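Topology and contacts: notes
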Amino acid sequence: MSRVSQPWPPVPVEPAVPHPKAPSPGTELGVHFAECFGCGDEADAGLHLRSTVGEGQVVHSRFTVTAAHQGAPGLAHGGLLACAFDEALGSAVGNLMRRPAVTGKLETDFRRPVPVGSTLFIEARLDGIAGRKIYVSADGHLDAEDGPVAVSARALFVVVGFEHFSTHGDPQALEKLAEQHKKNLQQRGERDWEINP
Ligand SMILES: CCCCCCCCCCCC(=O)SCCNC(=O)CCNC(=O)[C@H](O)C(C)(C)COP(=O)(O)OP(=O)(O)OC[C@H]1O[C@@H](n2cnc3c(N)ncnc32)[C@H](O)[C@@H]1OP(=O)(O)O
């Protein structure tokens, strides 16, 4: 039986062209928020995922599975793997498109077990946009950029206004996030994002 459930992207799209001020290929992307479970330094049991901009519409991320990420003994929990893809795909959207967006839908395809101690090399790409909808997909290669694909994912991100975060989130944490964002941009000599969807 085919693992592909429907055509992707599922609707007609335009090419997702990276923002003219998107970080250039080779740029190491910093932590976007210190308390983020996906990438934050202050999230002790977090994934500590790290990302680098690739050529074209791609972001490369890597994440090493620790004992804190187990489901079955010695194996990564599937939900945590989905989290790693959410982060990697979100990083591609946020950094390449430079628009605030949230995950509307995330679909994962688990192809091989991912043992504790292994590193997933996740290649995330922009597949197209349709209005506020940004379609992205990724493959996670086991232990090397050209290793076997262990997990694949496809996601829809929806562009939102910053009020999405100020209305629903924690205003104090939002200030911390803004500081981190500013610091990342300064370190890379970049200017700020477009703020409206
Ligand atoms: C440097 C930075 C680094 C940044 C690095 C960041 C990395 C972090 C990564 C983690 C990201 C997350 O986990 S984000 C957290 C998890 N996600 C969330 O909490 C989102 C919760 N959901 C929502 O708030 C909402 O449902 C929204 C915003 C997604 C959509 O609501 P809305 O704004 O009212 O818009 P709505 O009209 O419903 O949807 C807009 C369009 O998307 C479609 N749409 C919406 N959801 C779906 C869906 N599940 N499946 C299909 N289609 C959908 C609608 O049909 C519509 O299509 P059409 O009618 O236009 O055709």
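Quick caveat, the model's predicted, so the values are computed rather than measured.

Concerning the packing of aromatic side chains
For the structure shown, the criterion picks out 2 aromatic pairs. Each ring, one from Trp 8 and one from Tyr 135, has its centre 5.4 Å from the other, and the planes form 85 degrees; the classification is edge-to-face. Here Trp 8 is found in the segment before β1 (28–29), whereas its partner Tyr 135 is found in strand β6 (residues 133–142), with 127 residues between them in sequence. Of the residues examined, Tyr 135 reaches a relative accessible area of 4% and is grouped as buried. With 6.5 Å between their ring centres and 50 degrees between their planes, Phe 162 and Phe 165 make a pair best called tilted.

A short note on the UniProt feature "domain: Thioesterase" (unreviewed entry) in the protein chain
Taking the numbering used here, the UniProt-annotated feature "domain: Thioesterase" (unreviewed entry) corresponds to residues 74–140. Across residues 74–140, the secondary structure splits into 30% helix and 45% strand, with the terminal C-alpha atoms separated by 18 Å.

Quick word on the sheet that holds β1
Overall, antiparallel pairing links the 7 strands, which are arranged β1-β2-β3-β5-β6-β7-β4 in an open sheet. Of all the strands in the sheet, just β1 and β4 (101–110) have a single pairing partner and so form its edges. Across 9 bridges, the pairing between β6 and strand β7 (residues 149–159) is antiparallel. In the strand pairing of β7, Val 136 is matched with Ala 155. Helix-sheet contacts for helix α1 (residues 78–97) involve β1, β2 (50–53), β3 (58–64), β4, β5 (119–130), β6 and β7, and the interaxial angle to β5 is about 50 degrees.

Quick notes on the environment of Val 151
Mapped onto the fold, Val 151 is located in strand β7. Residues Val 151 and Gln 57, 94 residues apart in the sequence, show an inter-C-alpha distance of 20 Å. Residues within four places of Val 151 in sequence aside, it is in contact with Leu 81, Phe 85, Asp 109, Phe 110, Val 114, Ala 138, Asp 139 and Gly 140.

Things to note about the nonpolar core
Formed by 36 residues in total, the largest nonpolar core has its most connected members in Leu 89, Val 114, Leu 120 and Ile 134. Looking at this core, the elements that each hand over two or more residues are β3, α1, β5, β6 and β7. At 10 residues, α1 tops the list of elements feeding residues into this core. Discounting chain neighbours no more than four positions away, the residues touching Leu 89 are Leu 106, Ala 124, Val 136, Ser 137, Ala 138, Ala 153, Ala 155 and Phe 157.

A closer look at helix α3 (residues 171–187)
Spanning 17 residues, α3 covers 24 Å between terminal C-alpha atoms, matching the ideal 24 Å at 1.5 Å per step. Two residues or fewer past α3, Gly 189 is found with a positive phi of approximately 65 degrees.

Overview of the pattern of salt bridges
It is possible for side chains of opposite charge to pair when their charged atoms get near one another. Counted under the stated rule, the structure contains 8 salt bridges. We note a salt bridge from Glu 107 to Arg 154, for which the minimum N-O separation is 3.1 Å. One end of the pair, Glu 107, is in strand β4; the other, Arg 154, is in strand β7, with 47 residues separating them in the sequence. Take Glu 107: its relative accessible area is 25%, and that puts it in the partly exposed class. Under the relative-accessibility criterion, Arg 154 is labelled buried at 15%. Asp 109 is paired through a salt bridge with Arg 111; the nearest N and O atoms lie 3.2 Å apart. A relative accessible area of 16% means that Asp 109 is categorised as buried. One network of salt bridges, in which partners are shared, links Glu 35, Glu 42 and Lys 176.

Description of the confidence of the model for the protein chain
Averaged over every residue, the pLDDT of the protein chain is 93; residues scoring 70 or more account for 95%. Interface scoring of the predicted complex returns ipTM 0.98; its pTM is 0.94.

Definitions and limits used
Residues numbered from 1 in each chain as written. Predicted model: local features only at pLDDT ≥ 70, side-chain atom pairs only at ≥ 80, totals over all residues. Heavy atoms only, no water. Phe/Tyr/Trp six-rings, centres within 6.5 Å; stacked < 30°, edge-to-face > 60°. Helix = DSSP H or I, 4+ residues; strand = E, 2+ residues; numbered from the N terminus. Buried < 20%, exposed > 50% of the residue type's maximum accessible area, 1.4 Å probe, protein only. UniProt positions renumbered as here; feature names shortened; annotations may be inferred. Pairing = 2+ DSSP bridges. Contact = heavy atoms within 4.5 Å. Axes fitted to C-alpha atoms, helices over the stretch in contact; angles between N-to-C directions. Core = buried A, V, L, I, M, F, W, Y, C linked by side-chain atoms within 4.5 Å. Expected span 1.5 Å × (residues − 1). Salt bridge = Lys/Arg side-chain N within 4 Å of Asp/Glu carboxyl O. pLDDT = per-residue confidence, 0-100.

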